[in-house]
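The primary structure of each chain is shown beneath.
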Amino acid sequence: MTNTTSSPALGAATRPPRDSFWTRIAAELADAIARGVYPPGERLPSEHTLAEQFGVNRHTIRRSLASLSSQGLLRVAQGSGTYVEEFAIDLMPAKRTRHHQSMALAGMRGALRVLSSGTVRATAAQARALQRPARSALLRLQVLREAQQQPLLVGERFFPLPRFAQLEAVVRETGSITAAFAAHGVADCTREESRITAQMPAPEVAAQLRQPATRPALFVESVNVDPDGVPIEFARTWFAGDRVTLTVTHDE
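### Quick look at the confidence of the model for the protein
Alright, step 1. Confidence in the prediction of the protein, expressed as mean pLDDT, is 81, and 76% of residues score 70 or more.
Alright, step 2. When pLDDT is averaged over each element of the protein, helix α5 (residues 124–130) comes out on top at 96 and helix α4 (residues 99–105) at the bottom at 48.
Alright, step 3. Scored below 50 in pLDDT, residues 1–19 shows 21 contacts in the model against residues more than four places distant or in partner chains.
Alright, step 4. Counted against residues more than four places away or in other chains, residues 103–108, with its pLDDT under 50, gives 15 contacts.

And the structure:
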């Protein structure tokens, strides 16, 4: 007698012990996402529908979806449903690569948006990074960058004053710090250093990135300098870890 093997339909596999139902369902859903049953951006069936499909209660389904969400495969939109995450864009913190260039290479568009601004006094760390006297005046911009209507990063950018007194207006108009530098006579800038860590985001940052506060974000501190090697920007940026890959290149 010849045995034949076929892949079981989603939800039709042999059931594991009851206490591991949710892990098996999460694995089956993850496999379905990988096979394109639920493509990027697709809304999953409701918890009620999935519960009937897998023959379990909604609490079990909710636990499975929460696990996949914490892994970055799903996102929950309150009042709308649960969706497959749409993309992960590669942003390259090289000496001259700009985030908008990385997005263009990926076929995506999105401008930098200023959330808030103001003049602050430099902390010891900021003064050291920008090679300015302690308590020097700095322009602070809180910015958000999105692509495909999804937040990629939120951050604080600090610029020496009075050199960049009009920078905010240009960024608001163009959505580009590179263009704002050019308007201030800085035709080119390079990244002097970047320090990358994984951190748990503050609740405000998590909300801006539309991710759970329990999910780590990539945190980058960086310093940009002008062609003369003078520091012109100190940045503290949080990246949505499930939507962004940071590739560090060692050029020049």
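Right, picking up where we left off after that structure.
### Here's the deal with the sheet that holds strand β7 (residues 190–199)
Alright, step 1. Reading across from one edge, β4-β5-β6-β9-β8-β7 is the order of the six strands in this open sheet, with antiparallel pairing throughout. On the outer flanks of this sheet lie β4 (112–121) and β7, each paired with one strand and no other. The sheet shows a mean angle of 15 degrees between the axes of neighbouring strands, direction not considered.

### So, the nonpolar core
Alright, step 1. If you look at the biggest cluster of nonpolar residues, it comprises 20 residues, and the most contacted ones within it are Leu141, Phe159, Phe164, Leu167, Val171 and Phe181.
Alright, step 2. Those elements giving two or more residues to this core turn out to be β4, β5 (137–147), β6 (150–160), α6 (167–174), α7 (177–183) and β9 (231–239).
Alright, step 3. Dropping the residues within four chain positions of it, Phe164 is found in contact with Leu139, Phe159, Phe181, His184, Val186 and Ile232.
Alright, step 4. Residues Tyr38, Leu44, Leu50 and Val56 belong to the second largest nonpolar core, which totals 17 residues.

### Quick look at unusual backbone geometry
Alright, step 1. Cis geometry marks the peptide bond from Leu161 to Pro162, where omega comes out at 10 degrees.
Alright, step 2. Its place among the elements puts Pro162 in the loop between β6 and α6.
Alright, step 3. For Arg135, which is not a glycine, the phi torsion comes out positive at approximately 70 degrees.
Alright, step 4. You can see Arg135 is positioned in the loop between α5 and β5.
Alright, step 5. For Arg135, a relative accessible area of 55% gives the class exposed.
Alright, step 6. Although it is not a glycine, Arg210 adopts a positive phi angle of roughly 55 degrees.
Alright, step 7. Here Arg210 is to be found in the loop between α8 (203–209) and β8 (217–225).

### Some points on the layout of surface pockets
One simple way to see leftover space: roll a probe sized like a water molecule over the atoms.
Alright, step 1. Taken as a whole, the largest pocket spans an internal volume of roughly 210 Å³.
Alright, step 2. What lines the largest pocket is a set of 14 residues, among which Glu47, Leu65, Val76, Gly81 and Thr82 lie closest to the centre.
Alright, step 3. When residues of the lining of the largest pocket are traced back to their parent elements, those giving at least two are α2 (47–54), α3 (58–70) and β2 (81–84).
Alright, step 4. Top contributing element to the lining of the largest pocket by residue count: α3, with five residues.
Alright, step 5. Partitioning the lining of the largest pocket into residue classes produces five nonpolar, five polar and four charged.

### Brief notes about the packing of aromatic side chains
Alright, step 1. Here the structure, examined in full by the defined rule, presents five aromatic pairs.
Alright, step 2. With a centroid separation of 5.9 Å and an interplanar angle of 70 degrees, the aromatic rings of Phe159 and Phe181 are classed as edge-to-face. With Phe159 in strand β6 and Phe181 in helix α7, the pair connects residues that are 22 residues apart, well separated along the chain. Across the pair, Phe181 and Phe159 agree in class, each one buried.
Alright, step 3. The structure contains a cluster of three or more aromatic residues connected by ring pairs, namely Phe159, Phe164 and Phe181.

### Focus on the environment of Gly55
Alright, step 1. Summarising the element assignment, Gly55 is placed in the loop between α2 and α3.
Alright, step 2. Take Gly55: its relative accessible area is 61%, and that puts it in the exposed class.

### Observations regarding the pairing of β6
Alright, step 1. For β6, a buried count of 11 out of 11 residues is recorded, marking the element as mostly surrounded by other parts of the structure.
Alright, step 2. Bridging between β5 and β6 involves 10 bridges; their strand directions are antiparallel. Within β6, the residue paired with Arg140 across the bridge is Phe158.
Alright, step 3. As judged from the six bridges shared by β6 and β9, these two strands associate in the antiparallel manner. In the sheet register, Val154 faces β9, and the bridge partner there is Trp238.

Thresholds, definitions, all that
Residues numbered from 1 in each chain as written. Predicted model: local features only at pLDDT ≥ 70, side-chain atom pairs only at ≥ 80, totals over all residues. Heavy atoms only, no water. pLDDT = per-residue confidence, 0-100. Helix = DSSP H or I, 4+ residues; strand = E, 2+ residues; numbered from the N terminus. Contact = heavy atoms within 4.5 Å. Pairing = 2+ DSSP bridges. Axes fitted to C-alpha atoms, helices over the stretch in contact; angles between N-to-C directions. Core = buried A, V, L, I, M, F, W, Y, C linked by side-chain atoms within 4.5 Å. Buried < 20%, exposed > 50% of the residue type's maximum accessible area, 1.4 Å probe, protein only. 1 Å grid on protein atoms, 1.4 Å probe; cavity = no way out; pocket = protein on both sides within 12 Å on 5 of 7 lines; lining within 4 Å. Points joined across faces, edges and corners; volume = space filled by probe spheres on them. Nonpolar A, V, L, I, M, F, W, Y, C, P; charged D, E, K, R; others polar. Phe/Tyr/Trp six-rings, centres within 6.5 Å; stacked < 30°, edge-to-face > 60°.

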